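Fold and contact review
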Amino acid sequence: MMRHGDNPKLAPAAEAALLESLRAEREIKAHEKMQAEAQRLAVTLAALDLRELPAKAKDLSADKKFGELSGHAAMAITLNTILRRVPHKTDGDDKKPKKPAGKPKAGGGAKVTKVVDVPPCTAAEARKVIRANKVSLAAACDGPAAQLALLRAAQAWLLSANGAVALPGAAKVIEVLYDLDLASEGVLHEFWALVGASAQRDATSLLAAKEALAEAEVEEAAAAKAAKAASKKAEKTAPPKSAESPFAAVEVDRCFNVYTNESKLLQLGLASQRAVDASKDEFYGAFFASLRWKLEKEAEAEAEAI
């Protein structure tokens, strides 16, 4: 954690390491964003004929939002769409569809269809649907880069909500890709190197977060101790509380309002210069009596002058 007085200038080696970590972090975030978008698009392709999937995935991945990751996006869309073709039997499959009650309202407009993802499948079901669509996946895996993209898409799917059930069998899902020659041994080594590096970065980030949390807890405890000591010191040095009546504060407020009104009247040249008593009733009586007397005298003087 950078503190006051620390030298922000890094050594060349440390600066190079920092830049490399920032580059890797940007790449990871870009891949995570791309995988999430590919999974979202796969949900919308539930009714697509799988024979049209390669062309559709290529067309969707050409969107500029994928940028340089368009190839990875096409593979991710293909795999996620296939993994969502696992047959799921629901309780309502054996029931006859109900007819809609009543007639549709005129002018109601077209209804917006909400796209809902299919239920998660197990690792065994995922392996089965991958084997069933080996030809489609093999056509998309036209090189080491595409094979690596397939493995990373499988990893992202296993870590998503739709693949959470299959996560305990993640090794078996990766194994079936190798068995079907959808990922070579060299690509698998490269993939595991990426996974290991990602795990190391996560461990380092976790350790740094724990250290920062420990420092923050120490600083918080010190601040709380200092605040408590300052509060006790303030209580000792504070003047003793007045033994006045509980109505004293109210009386002070009333007197303040009275003198505020007096100052306003003085500014208008209508206030009397006579001294007033501290009592509210006597003050008002004397004040308005003197004011009335002054106005009457001014009126008499004006009448005599006329």
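For clarity, every value in this text was computed on a predicted model and none was experimentally measured. (Residues numbered from 1 in each chain as written. Predicted model: local features only at pLDDT ≥ 70, side-chain atom pairs only at ≥ 80, totals over all residues. Heavy atoms only, no water.)

**Observations concerning the pattern of salt bridges**
So the rule is basically this: One side-chain nitrogen of Lys or Arg within 4 Å of one carboxyl oxygen of Asp or Glu is enough to make a salt bridge. Secondary structure elements follow DSSP: runs of H or I no shorter than four residues count as helices, runs of E no shorter than two count as strands, and numbering proceeds from the N terminus.
Scanning all chains against the criterion turns up eight salt bridges. The salt bridge partner of Glu37 is Lys65, with a shortest N-O separation of 2.7 Å. With a gap of 28 residues between them, Glu37 in helix α1 (residues 12–43) and Lys65 in the loop between α2 (53–61) and α3 (70–83) connect regions that are remote in the sequence. We note a salt bridge from Lys172 to Glu175, for which the minimum N-O separation is 3.7 Å. Here Lys172 and its partner Glu175 are both found in helix α7 (residues 170–179), three residues apart, which amounts to about one turn of the helix. The network of salt bridges with shared partners includes Glu20, Arg23 and Glu27.

**So, the layout of surface pockets**
To locate leftover empty space, one rolls a probe as large as a water molecule over the atoms. This is how the line gets drawn: Cavities and pockets are defined on a 1 Å grid built over the protein atoms alone: a cavity is a set of grid points where a 1.4 Å probe fits but cannot escape, while a pocket is an open set with protein on both sides within 12 Å along at least five of seven lines, and lining residues are those with an atom within 4 Å of any such point. Grid points are joined across faces, edges and corners, and a volume is the space filled by probe spheres set on the points. All amino acids are sorted into three groups, where Ala, Val, Leu, Ile, Met, Phe, Trp, Tyr, Cys and Pro are nonpolar, Asp, Glu, Lys and Arg are charged, and the leftover types, Gly among them, are polar.
One number sums up the size of the largest pocket: a volume of about 820 Å³. Lining the largest pocket are 28 residues, and of these Ile28, Glu32, Arg152, Ser198 and Arg201 sit closest to its centre. For the lining of the largest pocket, the secondary-structure elements that each account for two or more residues are α1, α6 (144–158) and α8 (185–237). Ranked by the residues each element gives to the lining of the largest pocket, the list is headed by α1, at 14 residues. Here the lining of the largest pocket is built from residues that sort into eleven nonpolar, eight polar and nine charged. Reported here for the second largest pocket is a volume of approximately 280 Å³. For the lining of the second largest pocket, the elements supplying multiple residues, two or more each, are α2, α3, α5 (134–140) and α6. Counting residues per element, the lining of the second largest pocket draws most heavily on α3, which supplies six residues. Counted by class, the lining of the second largest pocket contains nine nonpolar, five polar and two charged residues.

**With respect to the environment of Ala166**
Here is the rule we go by: Any two residues whose heavy atoms approach within 4.5 Å are treated as being in contact.
Following the sequence through the fold, Ala166 ends up in the loop between α6 and α7. Taking C-alpha positions, Ala166 is 7.8 Å from Ala124, a pair spaced 42 residues apart along the chain. What Ala166 contacts, discounting residues up to four positions off in sequence, is Cys121, Thr122, Ala123, Trp157 and Leu158.

**Observations concerning α3**
Keep this limit in mind: To estimate the expected span of a helix, subtract one from its residue number and multiply by 1.5 Å. With a 1.4 Å probe rolled over the protein chains alone, any residue whose accessible area is under 20% of its type maximum counts as buried; one over 50% counts as exposed, and the rest are partly exposed.
With 14 residues, α3 extends 20 Å between its outermost C-alpha atoms, agreeing within 8% with the 20 Å of an ideal straight helix rising 1.5 Å per residue. Across the 14 residues of α3, twelve count as buried, placing the element largely inside the fold. For α3, the full list of buried residues reads His72, Ala73, Ala74, Met75, Ala76, Ile77, Thr78, Leu79, Asn80, Thr81, Ile82 and Leu83.

**A closer look at the confidence of the model for the protein chain**
What counts here: As a per-residue measure, pLDDT reflects the predictor's confidence and takes values from 0 up to 100.
A residue-level look at the protein chain finds 69% of positions with pLDDT of 70 or above and a mean pLDDT of 78. The secondary structure element of the protein chain with the lowest average pLDDT is helix α9 (residues 248–267), at 59, and the one with the highest is helix α4 (residues 123–132), at 95. Predicted confidence for residues 270–284 stays below pLDDT 50, and this span has 21 contacts to residues more than four positions away or in other chains.

**Here we look at the side chain of Gln39**
Along the polypeptide, Gln39 turns up in helix α1. The exposure class assigned to Gln39 is buried, which follows from its relative accessible area of 13%. Contact partners of Gln39, with chain neighbours within four places excluded, come to Asn80, Arg84, Ala156, Trp157 and Ser160.

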